[in-house]
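Below, each chain spelled out in residue letters.
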Amino acid sequence: MRTLRFDGWIAGIGTASGTRAVLGHWPASPFGPFSDLMVEEADGHRLLLAPSRETADFVSGIYVFDEVRVVPVRVRITGRHWAVSAPPLDLRFSTGPRTLPGLALRAVPGRLATSPQWLALWDRPARLLLGAGTHGSVRSGRHQWYGARDLHPVISATVTREGRGLGPLAPVDPPVRFGSGSTPRRPCLVRVTTHVALAEGRTTGARPLPFGRSTGRGG
């Protein structure tokens, strides 16, 4: 087994139209800095938008999607304001001050907060309190650990698809169905260190088609 480490942020956003979006922003990863956007539409269609074939293969080897697209994914951060462009979607959101869950996460020393033993201990409380677990088995015999380090509520968001608004900010409900992980029901931005354990020699996932061509429904 070998373990890959990703340091960054995960944002979970719901909309009144029923579309839910999960942004992964990874300044430090085995693939270098990158961001990806996972989207579940109101009808249940699950879409991955990733910036390269390599990252799309890896993410689609962990989570389940009906469609994978390789597109430019650009993230601009200005203070508490985030702007994400991932054609055909655009996402804008702002975060509020750290609340009690964020303060509690910040109080845990970093080395402890990302240890498998600690994450196993806090998996059930996290699912009950936040609606998101701390670890779980994923595709291709892999296991993933989510070490949350900080949390800020998302207080406003705008999501558009090809220029069409998808409605005001709403809870991430029902939960997204990409795999063993999810995001809290209340829209938020989480600082996270993720470890993915995988067997040596495993492939990274199905090869997607570039720039808007679909791999077809599946999963």
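Check the entry above for the structure.
Owing to the predicted nature of the structure, the values given are computational and were not obtained by experimental measurement.

Enquirer: Tell me about the nonpolar core, and name the residues and values.
Expert: Ranked by size, the top nonpolar core spans 27 residues in total, and within it Met38, Tyr63 and Phe65 carry the most contacts. Put simply, the parts of the chain that give this core at least two residues each are strand S1 (2–15), strand S2 (20–28), strand S3 (34–40), strand S4 (46–50), helix H1 (53–60), strand S5 (67–70), strand S10 (142–161) and strand S13 (188–198). No other element matches S13, which puts five residues into this core. Membership of the second largest hydrophobic core comes to 21 residues, among which are Ala21, Leu49, Val71 and Trp82.

Enquirer: Give a detailed account of the environment of Pro101, specifying residues and quantitative values.
Expert: Considering the arrangement of structural elements, one finds Pro101 in helix H2 (residues 100–106). Looking at Pro101, the relative accessible area reads 35%, which means it is partly exposed. Between the alpha carbons of Pro101 and Pro153 there is a distance of 9.6 Å; along the sequence they are 52 residues apart.

Enquirer: Give a description of the pattern of salt bridges that names residues and reports values.
Expert: One pass over the full model with this rule turns up eight salt bridges. One salt bridge connects Glu40 with Arg20, and the closest N-O pair in it is separated by 3.4 Å. Placement of the pair is Glu40 in strand S3 and Arg20 in strand S2, with a sequence separation of 20 residues. Looking at Arg20, the relative accessible area reads 3%, which means it is buried. Arg69 serves as the salt-bridge partner of Glu67, at 2.6 Å between the closest nitrogen and oxygen. Just as Glu67 is buried, Arg69 falls in that class too.

Enquirer: Hey, could you go over unusual backbone geometry for me, with residue numbers and the actual values?
Expert: The omega torsion of the bond from Pro87 to Pro88 falls at 15°, within 30 degrees of zero and hence cis. Note on placement: Pro88 falls in the loop between strand S7 (81–86) and strand S8 (89–95). Although it is not a glycine, Glu162 adopts a positive phi angle of roughly 50°. The residue Glu162 is located in the loop between S10 and strand S11 (164–165) in this model.

Reading the values: the criteria
- Residues numbered from 1 in each chain as written.
- Predicted model: local features only at pLDDT ≥ 70, side-chain atom pairs only at ≥ 80, totals over all residues.
- Heavy atoms only, no water.
- Core = buried A, V, L, I, M, F, W, Y, C linked by side-chain atoms within 4.5 Å.
- Buried < 20%, exposed > 50% of the residue type's maximum accessible area, 1.4 Å probe, protein only.
- Helix = DSSP H or I, 4+ residues; strand = E, 2+ residues; numbered from the N terminus.
- Salt bridge = Lys/Arg side-chain N within 4 Å of Asp/Glu carboxyl O.

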